[in-house]
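Chain residues, written in single-letter form:
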Amino acid sequence: MCIRDRCYTALDTNQRGGEIFEAMGFVSACVVNFLLHFHQTTLGSISGANAYVENAGLGFGCLLVLTMGLLTIANAAAPHPRIIFHRAPTMKYLLRALYLGNFALAAGLIWKRSELEDLSGFKHLSEDISLWMVVGHLTLGSLFAAAAQLSPCGQRKVLQYSMALPLSVALGCLFLEHDFMKELIVAKQKRVCFHVFNGFLVGLMLFACYYTKRYKMTDQGDTTESSSRANACRFLYVQALYFGGTMLYYGPPEVAGANASPTDWQLHAIIDLMIGMVYIAAAQLDACSQKKLLQYGMTGTLASIALTVKLYDLSPSTLAMQVLSLVVAVHACYM
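Along every chain, residues carry numbers that run from 1 in the direction the sequence is written. It should be noted that, the model being predicted, local features are given only for residues of pLDDT at least 70 and side-chain atom pairs only at 80 or more, the latter also being counted only at that level, while totals for whole chains, interfaces and linings use all residues. To obtain the side-chain values, all non-hydrogen atoms of the structure were used and water was disregarded.

A. Representation of the environment of glutamate 117 in the model. Strands are runs of DSSP state E lasting at least two residues, helices are runs of H or I lasting at least four, and both sets are numbered from the N terminus onward. As for its position among the elements, glutamate 117 is in helix α4 (residues 113–120). Take glutamate 117: its relative accessible area is 5%, and that puts it in the buried class. With 68 residues separating them in the primary sequence, glutamate 117 and isoleucine 185 have C-alpha atoms 9.6 Å apart. Only protein chains enter the accessibility calculation, which uses a 1.4 Å probe; a residue is then buried when its area is under 20% of its type maximum, exposed when over 50%, and partly exposed in between.

Put into structure tokens, the structure is as follows:
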């Protein structure tokens, strides 16, 4: 028997309604994400109206199975003595998983590049773009490591902006028939696995930000503001989004050489866009959070300078932007 004040049930109501329905919605989103990719892969495009009857029949059968699975969630309505998914710890654990994953990818590209390419299905990358992806994953992992130390409000903001790019990839593939990964992952089965994993990642971010039991918001973090740090974050996200968008739609930079593959550089462009989204979130946080993100982000800037010197030369045209980014971040944090 539970004490009333210490018991929790998913049917407890608040201003946002019963959490049992939120849990069902989250599970439904994850399953539907998988089913849509399965239908498009095996029976043709749903939006293109190919094999409509087959899609509808298979979809009806899958919905029956889904309904049976959702009924099991009703067990969560039974009172239990403690809350399993608090919002703040869930977001922190997710951010830790993200930065560990990025660091693991960076290490894999250094020491086990061929095995990682075979496992993921990506085309064999040149040495230059592999090293740039190492720098990108190192930068992104460092930013997520900093975000894991912020207040719950800051963590939520970073996760909300970080899900924009994977969500765009998922929606573009499902509803716009634009498979962005088609040229990057040749093997169809591995490409489908990537999209399912990407949809699952988006689902985890949505779950952590919106479908967890939140504390009463007593700790909003530091409320001080710093115009210099906010402007530094704005400069960095404009730079990351510009270079990411340029490489995505117009190919690699001139310094990469005429033999550089535009398809390979799209991978680096995706990482740049992700970094830019994190800095957009940082520009809206308090001064202390901005300082931490800028400090950790310098790791990637220093690595970028070192790699530029290794691959190219010491001319101002190749080092100017990286050095300027480092100067801006140092000035904002310590001056």
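B. Just the packing of helix α6 (residues 152–162) against helix α10 (residues 262–282), in detail. At their nearest, the axes of α6 and α10 sit 8 Å apart, and the two run at 145 degrees to each other. Of the two possible hands of crossing, α6 and α10 adopt the one that is right-handed. Packed against α6, whose contacting residues are Lys157, Val158, Tyr161 and Ser162, the element α10 presents Met274, Met277, Val278, Ile280 and Ala281 at the interface. Here the residues of the contact of α6 with α10 sort into seven nonpolar, one polar and one charged. Fitting a line to C-alpha atoms yields each axis, with helices limited to the stretch in contact; the angle taken between N-to-C directions then spans 0 to 180 degrees. Here is the rule for handedness: rotate from the far helix to the near one, and if that takes an anticlockwise turn smaller than a right angle the crossing is left-handed, while a clockwise turn gives right-handed. Whether two residues touch is decided by their heavy atoms; if any such pair falls within 4.5 Å, the residues are in contact. Classification convention: Asp, Glu, Lys, Arg as charged; Ala, Val, Leu, Ile, Met, Phe, Trp, Tyr, Cys, Pro as nonpolar; all other residues, Gly among them, as polar.

C. Broad picture of a nonpolar patch on the surface. Put simply, a patch holds well-exposed residues, over 30% relative accessible area, that have no salt bridge, with like charges counted together within 9 Å and Val, Leu, Ile, Met, Phe, Trp or Tyr side chains within 5 Å. Residue-level accessible areas treat just the shown protein chains as cover; the underlying method is Shrake-Rupley with a 1.4 Å probe. Whenever Lys or Arg places a side-chain nitrogen within 4 Å of a carboxyl oxygen from Asp or Glu, that contact is recorded as a salt bridge. Taken together, Tyr242, Phe243, Met321 and Leu324 make up a surface patch of nonpolar side chains, about 370 Å² in accessible area. Taken together, the elements giving at least two residues each to the nonpolar patch come down to α9 (227–250) and α12 (316–334). Note on placement: methionine 321 falls in helix α12. Take methionine 321: its relative accessible area is 32%, and that puts it in the partly exposed class.

D. Molecular detail of the side chain of serine 304. Take serine 304: it is sitting in helix α11 (residues 287–311). Overall, serine 304 belongs to the buried group, its relative accessible area being 11%.

E. Looking closely at the packing of aromatic side chains. Note on aromatic contacts: the rings of Phe and Tyr and the six-membered ring of Trp form a pair at centre separations within 6.5 Å, being stacked when their planes are under 30 degrees apart, edge-to-face when over 60 apart, and tilted otherwise. If you walk through the whole model with that rule in mind, you get two aromatic pairs. A centroid spacing of 5.3 Å and a plane angle of 75 degrees characterise the contact between tyrosine 242 and phenylalanine 243, whose relative ring orientation is edge-to-face. When its relative accessible area of 51% is taken as the criterion, tyrosine 242 is described as exposed. Judged by relative accessible area, which is 34%, phenylalanine 243 ranks as partly exposed.

F. Geometry of the nonpolar core. The nonpolar core is taken to be a set of buried Ala, Val, Leu, Ile, Met, Phe, Trp, Tyr and Cys residues, with the residues joined through side-chain atoms within 4.5 Å. With 64 residues, the main nonpolar core has Leu95, Leu98, Phe144, Val158, Leu159, Leu293 and Leu294 as its most contacted residues. Put simply, the parts of the chain that give this core at least two residues each are α3 (87–111), α5 (127–147), α6, α8 (188–210), α9, α10, α11 and α12. The element best represented in this core is α10, accounting for twelve residues. Other than its neighbours up to four places away in sequence, leucine 159 contacts Met91, Leu94, Leu95, Leu98, Met205, Ala208 and Cys209.

G. Quick look at the packing of α5 against α11. Running from N to C, α5 and α11 cross one another at 170 degrees; their axes reach a closest spacing of 7 Å. Relative to α11, α5 is oriented roughly antiparallel. On α11, the residues touching Asp128, Leu131, Trp132, Val135, Leu138, Thr139, Ser142, Leu143, Ala145, Ala146 and Ala147 of α5 are Lys292, Leu293, Tyr296, Gly297, Thr299, Gly300, Ala303, Ser304, Leu307, Thr308, Lys310 and Leu311. Grouping the constituent residues of the contact of α5 with α11 by class yields 13 nonpolar, seven polar and three charged. In these notes the angle categories are as follows: under 35 degrees is roughly parallel, over 145 is roughly antiparallel, 65 to 115 is roughly perpendicular, and the rest is oblique.

H. Just α3, in detail. The terminal C-alpha atoms of α3, which comprises 25 residues, lie 36 Å apart, in line with the 36 Å expected from a rise of 1.5 Å per residue. The set of residues buried in α3 consists of Arg87, Ala88, Thr90, Met91, Leu94, Leu95, Leu98, Tyr99, Asn102, Ala106, Gly108 and Leu109. Tucked inside the fold, the buried residues of α3 contact α4, α5, α6 and α8. In this scheme, a helix's expected span is set at 1.5 Å multiplied by one less than its residue total.

I. Just α6, in detail. When we look at burial in α6, the residues that qualify are Gly154, Gln155, Val158, Leu159 and Ser162. The buried residues of α6 occupy an angular sector of 130 degrees when the element is viewed end-on, so they sit on one face. Relevant arc is that of directions from the helix axis to the C-beta atoms, nothing else.

J. Molecular detail of the confidence of the model for the protein chain. Per-residue confidence from the predictor is given as pLDDT, running between 0 and 100. A residue-level look at the protein chain finds 68% of positions with pLDDT of 70 or above and a mean pLDDT of 75. When pLDDT is averaged over each element of the protein chain, α6 comes out on top at 91 and helix α2 (residues 52–71) at the bottom at 56. The low-confidence segment residues 1–5, where pLDDT is below 50, has two contacts with residues more than four positions distant or belonging to other chains. This stretch, residues 45–52, has a pLDDT under 50; its non-local contacts, to residues over four places away or in other chains, come to 13 contacts.

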